[in-house]
Amino acid sequence: MMKAKLQAGDKTIVLIGLSHANLASLRKAGLEGHILIEGKTLGIGLDIMITAAETEWEMLAAVAEYIDADTKATIDPRLKS
């Protein structure tokens, strides 16, 4: 896995690159597995979790208990009805 905090002009970008081995591991483990990136290693104020599942709905169900009125989320426009 590759991770970096980059500056591109006036934009700050967090780059996360997963190897095919990382992807295979996530696919095999499903929601039981994840990759946790501690924000302090990148100099940012939050941690990043990467997980995988067959569908977005499965991932949503797995984290539903942590979602409340203050949660900021985006929905891929292709999933909107």
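Let me begin by describing the structure that accompanies this report. (Residues numbered from 1 in each chain as written. Predicted model: local features only at pLDDT ≥ 70, side-chain atom pairs only at ≥ 80, totals over all residues. Heavy atoms only, no water.)

**Topic: the nonpolar core**
Soluble, globular proteins show a tendency: their nonpolar side chains are buried together.
Thought 1: If you look at the biggest cluster of nonpolar residues, it comprises seven residues: L26, I35, I37, L42, I48, I50 and A52.
Thought 2: Secondary structure elements with two or more residues in this core: β3 (35-37) and β4 (48-50).
Thought 3: Residues within four places of I48 in sequence aside, it is in contact with V14, I16, I35, L36 and I37. (Core = buried A, V, L, I, M, F, W, Y, C linked by side-chain atoms within 4.5 Å. Buried < 20%, exposed > 50% of the residue type's maximum accessible area, 1.4 Å probe, protein only. Helix = DSSP H or I, 4+ residues; strand = E, 2+ residues; numbered from the N terminus. Contact = heavy atoms within 4.5 Å.)

**Some remarks on a nonpolar patch on the surface**
Thought 1: A surface patch of nonpolar side chains, amounting to about 550 Å² of accessible area, comprises W57, L60, V63, Y66 and I67.
Thought 2: Structurally, Y66 can be placed in the segment after α2 (56-63). (Patch = residues over 30% accessible without salt bridge, like charges linked within 9 Å, V, L, I, M, F, W, Y side chains within 5 Å. Areas by Shrake-Rupley, 256 points an atom, 1.4 Å probe, with all protein chains shown as cover. Salt bridge = Lys/Arg side-chain N within 4 Å of Asp/Glu carboxyl O.)

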